[in-house]
Amino acid sequence: MEANQGTSQETSVKHQDLSDGGMMHVARAQDQEEEEEEEEEEEEENSFTIRRTKSGSIKDTLMYAVPLSASAQALDALVLDSGPEPEPHTITASPSRHRTKGKSKLQLVACTGLECEVMDLRNGQIFLPPFAKTSVRFEWTEPPERALVVIKPGERATEDALLEAAAVLRGCGVRVHVEQAVMEALERRGHAPEGPGRLTREAADLASRFELWVPGTHHIDFIVTLGGDGTVLWVSSLFPRGVPPVLSFAMGTLGFLTSFPFSHHEQHLNEVCRGDRYLSLRTRMRCKLYSYHHGRHQGREGGGASASTTVSKEELVGTYIVLNEVSVNRSPSSNLVDIDLFCDGVPVTKVQADGVLVSTPTGSTAYSLAAGGSVVHPAVSAMLLTPICPHSLSFRPLLFPDAVTLQLQIPHLSRGRGTCVVAFDGKHKFEMGPGDCVTIQMSPHPLPSVVCKTDTEDWFQSLKGGLHWNRPNEEMRKPSSMMSSKGSGREKELLGKIGSSHL
């Protein structure tokens, strides 16, 4: 009986006859295809752990475990249209069994200022994956060979730290490079030269431990900075395009970008050489300054008579990469300045203020914060526009997406207001006259800063430690409570003054 049934199934398949055996065979094939589709959809719906890239490969997005609260799990289940509620502290989601099958007639093409890409739809629904990269870990495909150590030359403490860090790096098989100014400072540590063009043995020994680095001469695998935030800004100016990973040790006055204490430098340097670290991709801006020339050109007509024509042209002064902010403010004149603001060529408003700032999230805790701007997480890819003492009290700071192009232009008819001064990260200052403008775009090359713990933990730690952000009054009064401890009367008096100053 079974043999006859098998023969009939083969005959039905050959002649495409929908017999009972053929229907069962087709039903099994359909069930198998549906199971395979459900398995693929289940992998795609686990968007909290994996996401599909353009090439179709699946990559991890969460590098460390993130426990979810009950409210977060309920929201995730609602967004993903899942069936049963997931178990506590899990990040998996099962696809719905009652999903409508069918091919979507919709296609999305998302465009930025640099490129366009086709966005995939999931089951005919618009799906927006998270774009911010809050956890990025780097691994070496080959052992690193060269490291650039950046310090502020002329400071004895940082030079001593440079010698200690170089010894650890050479122990890891890494060649240490320094800049020309640092090399000269190390040579001066060997006291006076023995003669013209000759150095003492001590100075020659110090110089032999390092190699001279000139921009564009050697490929640098990673960078070590010994100093404060200003040293990190200097590194950003040295690499206008791709920047190697930057490991920053706190040896300066400010520490928003320097998360590592130098007391444990040997451990941190060894970990970076192994490649076991996370990065914070600090976005930067690319600014172009244009100068507007307006004048008269003398020429001759066909009959030989002289005639004057008006000639207007724009000249590119320079391109600058900014890690903190670009500022356009009034010159020594006390008058307000008029600045026209454009976004993607569309007029937005006329700024009447002492100036205006366009900052990155990294620069939101610098000049922009002092001017009343918002504090922005470094993983947010955006540009922050902050007016400086605006004429209108309703002019509040604005956040622009990273894909737009901002333009700040001095109006052509603003001679009565005087001129403005533009500065990029507080340097490269230029005077801007009527018609001059600066265009601002997000640079595709961020500054990858090595973080001590995670991007978010380091950032909040810098806010609490550097700005005393949202510190309760009880913590501010802690120094006054130490008066009950043992000590001289003079020490208690000083502690009392410190405690009263925080009230």
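Remember, predicted model here, so these are calculated numbers, not experimental data.

1. Brief notes about the overall build of the protein chain
Thinking step 1. When helices and strands are tallied, the protein chain shows 13 helices and 24 strands.
Thinking step 2. In the protein chain, which comprises 503 residues, the share counted as buried stands at 37%.
Thinking step 3. A separation of at least 24 residues holds for 65% of the contacts in the protein chain among residues at least 6 apart in sequence.
Thinking step 4. Total accessible area on the protein chain stands at roughly 29500 Å², and carbon and sulfur atoms take up 53% of it.

2. Re the confidence of the model for the protein chain
Fine structural detail should not be taken from predicted coordinates in areas where pLDDT scores are low.
Thinking step 1. On average, residues of the protein chain carry a pLDDT of 75, and 63% of them reach 70 or more.
Thinking step 2. Considering only residues more than four positions removed or in separate chains, one finds that residues 78-86, a stretch of pLDDT under 50, has 13 contacts.
Thinking step 3. Low pLDDT (under 50) marks residues 192-197, which in the prediction has 6 contacts with non-local residues, meaning those over four places away or in another chain.

3. With respect to helix α7 (residues 229-238)
Thinking step 1. Counted residue by residue, α7 has 7 buried out of 10 residues, so it is predominantly covered.
Thinking step 2. Of all the positions in α7, only Asp229, Thr231, Val232, Leu233, Val235, Ser236 and Leu238 are classed as buried.
Thinking step 3. Those residues of α7 hidden inside the fold are in contact with β6 (146-151), β9 (222-227), β10 (246-250) and β24 (447-451).

4. Remarks on the side chain of Thr360
Thinking step 1. With respect to the helices, strands and loops of the structure, Thr360 is situated in the loop between β17 (346-359) and α9 (367-370).
Thinking step 2. Note on Thr360: relative accessible area 1%, which makes it buried.
Thinking step 3. Not counting chain neighbours up to four residues away, the residues in contact with Thr360 comprise Thr283, Arg284, Met285, Val322, Leu323, Asn324 and Ala382.

5. Examining a nonpolar patch on the surface
Thinking step 1. A cluster of nonpolar residues, Phe460, Leu467 and Trp469, forms a patch on the protein surface that exposes about 260 Å² of accessible area.
Thinking step 2. Structurally, the position occupied by Phe460 is in helix α10 (residues 455-466).

6. Notes on the packing of helix α4 (residues 156-171) against helix α8 (residues 265-274)
Thinking step 1. Two elements in contact, α4 and α8, have axes whose closest approach is 10 Å; the angle formed by their N-to-C orientations is 40°. One element, α4, and the other, α8, form an angle in the oblique class. Our pair here, α4 against α8, has a crossing hand that is right-handed. For the pair formed by α4 and α8, the contact residues are Glu164, Ala165, Val168 and Leu169 on the first element and His265, Glu266, Leu269, Asn270 and Cys273 on the second.

7. Some points on the side chain of Thr365
Thinking step 1. Looking at where Thr365 falls in the secondary structure, it is placed in the loop between β17 and α9.
Thinking step 2. Since its relative accessible area comes to 14%, Thr365 is described here as buried.
Thinking step 3. Here the side chain of Thr365 touches Thr362 through a polar contact of 3.4 Å, landing on its backbone oxygen.

8. Overview of helix α5 (residues 180-188)
Thinking step 1. Among the residues of α5, Val182, Met183, Ala185 and Leu186 are the ones counted as buried. Along α5, the residues classed as buried sweep out an arc of 160° about the axis, all on the same side.

9. Some points on the pattern of salt bridges
Thinking step 1. Applying the stated rule across the entire model yields 6 salt bridges.
Thinking step 2. The partner of Glu211 in a salt bridge is Arg175, with the nearest N and O atoms 2.8 Å apart. Of this pair, Glu211 sits in strand β8 (residues 211-212) while Arg175 sits in strand β7 (residues 175-178), and the two are 36 residues apart along the sequence.
Thinking step 3. Note on Glu211: relative accessible area 25%, which makes it partly exposed.

Reading guide: rules and limits
Residues numbered from 1 in each chain as written. Predicted model: local features only at pLDDT ≥ 70, side-chain atom pairs only at ≥ 80, totals over all residues. Heavy atoms only, no water. Helix = DSSP H or I, 4+ residues; strand = E, 2+ residues; numbered from the N terminus. Buried < 20%, exposed > 50% of the residue type's maximum accessible area, 1.4 Å probe, protein only. Contact = heavy atoms within 4.5 Å. Areas by Shrake-Rupley, 256 points an atom, 1.4 Å probe, with all protein chains shown as cover. pLDDT = per-residue confidence, 0-100. Patch = residues over 30% accessible without salt bridge, like charges linked within 9 Å, V, L, I, M, F, W, Y side chains within 5 Å. Salt bridge = Lys/Arg side-chain N within 4 Å of Asp/Glu carboxyl O. Axes fitted to C-alpha atoms, helices over the stretch in contact; angles between N-to-C directions. Parallel < 35°, antiparallel > 145°, perpendicular 65-115°, else oblique. Left-handed = near helix turned anticlockwise from the far one by under 90°. Polar contact = N/O pair within 3.5 Å; in protein donor to acceptor, adjacent residues only side chain to side chain. Arc of directions from axis to C-beta.

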